[in-house]
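Observations on the model geometry
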Amino acid sequence: MDLIEKAKNYVSDKIANVPVPEATVADVDLKGFGLDGITLLAKVSVANPYGVPIPICQIAYVVKSNERVVASGTIPDPGSLKASASTVLEVTVKVPHSAAVSLVRDIAGDWDIDYCLELGLIIDLPVVGNFTIPISYKGEMKLPSVSDFFSGSSGETNEKVVTK
């Protein structure tokens, strides 16, 4: 029994010390707004410590404001992580207008939305299997004014999002 316990401890120590990819949100921009809602573009930098590419199974996202979920979804099969390098993933998040309208209390004070973007990158690690890299990012998004809707034809904007 003692030998089996030593083997279990050895394996658990080795697995606990295996390097895993690390991810951070590099930037969040207001990509655009239109009749279907507000589009956010999050740029996520993921460092892969392995000498082989790692497939990303999916990216799950949740956008919260005042602790309420305003948007959620998944992006299936977004590609893979480059071997022994950093990969920048562009995650497009759609926030419907109905969700933004429900945040009137937050918007009324300073014409912005304080939000929290939670991402889960689900990757397929050899031997270990599926592994989720959790990422959380807080920021505030300045909303366009009514005059912004009537100026320009595309409705696209390149405004930066202010982070906390």
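Each chain carries its own residue numbering, running from 1 in the direction its sequence is written. In keeping with the predicted nature of the model, local features appear solely for residues at pLDDT of at least 70, side-chain atom pairs appear and are counted solely at 80 or more, and the whole-chain, interface and lining totals rest on all residues. Calculated side-chain values reflect all of the structure's heavy atoms, with hydrogen atoms and water omitted.

- An unreviewed UniProt entry annotates the protein chain as Water stress and hypersensitive response domain-containing protein of Salvia splendens.

1. Some thoughts on the confidence of the model for the protein chain
- pLDDT: the predictor's confidence for each residue, scored from 0 to 100. Confidence in the prediction for the protein chain averages 81 pLDDT; 78% of positions are at 70 or higher.
- Model confidence for the protein chain, summarised as mean pLDDT per element, is weakest for strand β8 (residues 162-163) at 44 and strongest for strand β3 (residues 54-65) at 93.
- Ignoring residues within four places in sequence, the model shows residues 153-164, a span with pLDDT below 50, making 29 contacts including any to other chains. Counting from the N terminus, the helices are DSSP H or I runs at least four residues long and the strands are E runs at least two residues long. Residue contacts are counted whenever heavy atoms from the two residues lie within 4.5 Å of one another.

2. A closer look at unusual backbone geometry
- Even without a glycine there, the phi angle at N66 is positive, about 55 degrees.
- Within the secondary structure, N66 is located in the loop between β3 and β4 (68-81).
- Categorising residues by exposure relies on relative accessible area from a 1.4 Å probe, with only protein chains included: less than 20% of the type maximum marks a residue as buried, more than 50% marks it as exposed, and the intermediate range marks it as partly exposed. On the basis of relative accessible area, N66 is assigned to the partly exposed category, the value being 44%.
- You will see that S84, though not glycine, has its phi angle at about 45 degrees, which is positive.
- Among the secondary structure elements, S84 is positioned in the loop between β4 and β5 (86-95).

3. Description of the nonpolar core
- If you look at the biggest cluster of nonpolar residues, it comprises 35 residues, and the most contacted ones within it are V44, V93, V95, L117, L119, L121 and I135.
- Those elements giving two or more residues to this core turn out to be β1 (22-34), β2 (37-47), β3, β4, β5, β6 (112-125) and β7 (129-142).
- Among residues more than four places away in sequence, those in contact with L117 are V28, A42, Y61, V62, V63, V93, I135, S136 and Y137. Within this scheme, the nonpolar core is defined by two criteria: the residues are buried Ala, Val, Leu, Ile, Met, Phe, Trp, Tyr or Cys, and they are joined through side-chain atoms within 4.5 Å.

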